[in-house]
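# Understanding the architecture of this molecule
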Amino acid sequence: MSGIVIAGAGQAGFQAAASLRDNGYAGPVVLLGDEPELPYQRPPLSKAYLDGKADDEMLRLRPQSFFDEHRIEYHPGESLVRIRRAERQVELSSGRRLAYDHLVLATGSRNRVLPVPGADLDGVVQLRTRADAADLRRRLSGVRRAVVIGAGFIGLEFAAVAVQRGIPVSVIEATERPMSRALSVPMSSFFRAAHEAKGVRFLFDAPATRITGENGRATGVETAGAGHVEGDLVLVGIGVVPNVDAAVDAQLAVADGVLVDEQLVTSDPHISAIGDCASFPTPFADGRRVRIESVQNAADQARCVASRLAGRPASYAAVPWFWSDQGSLKLQIAGLSTPHEEAVLRGAPAGGAFSVFCFARGRLVGVESVNRPADHMAARRLLAGRIGITPEQAGDPGFDLKALAS
Ligand code: FAD
């Protein structure tokens, strides 16, 4: 028996290995991770870890003893470089070959590279790995002014930590509002105002065209539309691209992610794909394909595949949810709130705690909440149970959401 090989030891790969054992799978489980350390969680990298409130130990998903006890053969620093589908083998960076009964691709995503001159200057950084975060944490103590390119979740989480430490932060964004790809207009406006109140300066409709430097060190960012913005640290946070090189090379079906079916099987029945690298059809977008970058998605897809490989196949149907902590604000999203046709407010933004109920095609598709965890939990239940709610009910503060959802 060759067993199951999992490529990628992030949130999804780790969970797949652990869940295989939880589901009673007794065969060999091999986990390949190209990073040189034990699997860890990424969310604290732009929050508590960056701020020095969490250490390496707290990031770890499990200690080495867990892998030993569960007979998970973990290979740190070992990448999958080629899939030989005909032989059902993988080639590793060490030159070794491994046979598999089933291969799980959990290779995640990597930061999109900013295609402008100066991107290689010292002081231009990104944030994806623990090593990136450790480097950024070290640099933060000597920074005079920071510039963030991209007003997405990671850029804004970083901005919240940096201003809190007294570092002036400018955020340059190519579109007209923060987190525009993922959030409704009212929620986006609320976060803009909250960051501005803490001292963050935004420049919208201002794509970066060049990073300026002196003696090899970054001095700022030239934009189209908003001139030059000074800064000796430039954090580039312009999104990610899925790691699909091995899948493309093996001629699996790929289009913004490895294409999988409802059960997360790729175009080869002996290969599955999960987490940030997978593009899957979801009932939460009328069967449309999505690729979701969240801990929930990585972990739940891993559980779904592990259950199938242990003999209990099921379609992947978990409600998508996500969170982002930006300073004292906790944003939670249930469902897929964009695109939507109608956005209804519940609660008042002025009070610092409210939700936006997003409707499309005549029904609820997602709920964005800030500092309203009860709304978030109710929204997850409404979406999971396909329980109907009208825009009028959602916007009525007297309407009992909890009762409807239970
Ligand atoms: P990854 O975590 O990227 O893991 C994939 C692993 O596979 C990586 O270690 C990669 O190096 C490795 N790999 C790639 N290619 C190969 C190969 N060929 N062979 C072997 N190994 C390979 N989500 C939330 O829900 N809430 C948050 O607050 C949040 N905050 C975040 C903050 C930061 C700074 C980052 C970077 C992400 C955050 N996310 C958050 C997103 C979340 O962490 C990801 O969606 C999740 O980690 C995806 O898990 P994954 O296993 O699919 O991919």
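A few points on the structure.

## Looking at the site of the ligand
In the vicinity of the ligand there are 31 residues, among which Asp34, Glu35, Arg42, Lys47 and Arg128 approach most closely. The separation between an oxygen atom of the ligand and a polar main-chain atom of Ala12 is 2.8 Å. For the ligand, the accessible surface in isolation is 990 Å², of which the surrounding protein chains cover 93%. Looking at the shell around the ligand, the elements that each hand over two or more residues are α1 (11-22), β2 (29-33), α8 (295-309) and β22 (321-326). Along the lines of polarity and charge, the residues of the shell around the ligand split into 11 nonpolar, 12 polar and eight charged.

## Quick word on the packing of aromatic side chains
Across all of its chains, the model carries 10 aromatic pairs by this definition. Arranged with centres 5.8 Å apart and planes meeting at 50°, the rings of Phe14 and Phe66 form a pair that is tilted. In this pair, Phe14 sits in helix α1 while Phe66 sits in helix α3 (residues 64-69), placing the two residues 52 residues apart along the sequence. In terms of burial, Phe14 and Phe66 fall into one category: buried. When the ring of Phe190 is compared with that of Phe354, the centres are 5.1 Å apart and the planes differ by 70°; the resulting orientation is edge-to-face. Here the residue Phe190 occupies a position in helix α6 (residues 185-197), and Phe354 occupies one in strand β25 (residues 353-360), the gap between them amounting to 164 residues. A relative accessible area of 12% means that Phe190 is categorised as buried. Residue Phe354 is classed as buried on the basis of its relative accessible area of 0%. Members of the aromatic cluster, joined through ring pairs, are Phe14, Phe66, Phe67 and Tyr74. Over the aromatic face of Phe66 sits the side chain of Arg62, whose NZ or CZ is 5.1 Å from the ring centroid. A cation sits over an aromatic face here: Arg137 above Tyr49, 4.1 Å from the ring centre.

## Some thoughts on α8
The terminal C-alpha atoms of α8 lie 21 Å apart, and with 15 residues this matches the ideal 21 Å at 1.5 Å per residue to within 8%. With 11 of its 15 residues buried, α8 lies for the most part within the structure. For α8, the full list of buried residues reads Gln296, Asn297, Ala298, Ala299, Gln301, Ala302, Cys304, Val305, Ala306, Ser307 and Arg308. Where α8 is buried, its residues touch α1, β7 (102-105), β19 (271-273), β20 (278-281) and β22. Count one or two residues on from α8 and you reach Gly311, which has phi positive near 105°.

## Some points on the sheet that holds β19
The strand order β3-β2-β1-β7-β19 describes an open sheet built from five strands, whose pairing is parallel. The open sheet is flanked by β3 (72-76) and β19, the only strands paired with a single partner. For this sheet, the mean inter-axis angle between neighbouring strands, taken without regard to orientation, is 15°. Sheet topology note: the β2/β3 ladder contains five bridges and is parallel. Paired with Gly33 across the strands is Pro76, a residue of β3. Packing of α8 onto the sheet brings it into contact with β1 (4-7), β7 and β19, and relative to β7 it is tilted by some 175°.

## Side note on the side chain of Glu173
Relative to the helices and strands, Glu173 is located in the loop between β11 (169-172) and α6. We note that Glu173 is buried and unpaired, the nearest opposite charge coming from Arg181 at a distance of 8.7 Å. Polar side-chain contacts of Glu173 include one of 2.7 Å to the backbone nitrogen of Ala151. In this view, Glu173 contacts Gly150, Ala151, Leu203, Phe204, Asp205, Ala206 and Pro207; residues no more than four positions away in its chain are not counted.

Reading the values: rules and limits
Residues numbered from 1 in each chain as written. Predicted model: local features only at pLDDT ≥ 70, side-chain atom pairs only at ≥ 80, totals over all residues. Heavy atoms only, no water. Near = heavy atom within 4 Å. Polar contact = N/O pair within 3.5 Å; in protein donor to acceptor, adjacent residues only side chain to side chain. Areas by Shrake-Rupley, 256 points an atom, 1.4 Å probe, with all protein chains shown as cover. Helix = DSSP H or I, 4+ residues; strand = E, 2+ residues; numbered from the N terminus. Nonpolar A, V, L, I, M, F, W, Y, C, P; charged D, E, K, R; others polar. Phe/Tyr/Trp six-rings, centres within 6.5 Å; stacked < 30°, edge-to-face > 60°. Buried < 20%, exposed > 50% of the residue type's maximum accessible area, 1.4 Å probe, protein only. Lys NZ or Arg CZ within 6 Å of the ring centre and 35° of its normal. Expected span 1.5 Å × (residues − 1). Contact = heavy atoms within 4.5 Å. Pairing = 2+ DSSP bridges. Axes fitted to C-alpha atoms, helices over the stretch in contact; angles between N-to-C directions. Lys, Arg positive; Asp, Glu negative; His and termini not counted. Salt bridge = Lys/Arg side-chain N within 4 Å of Asp/Glu carboxyl O.

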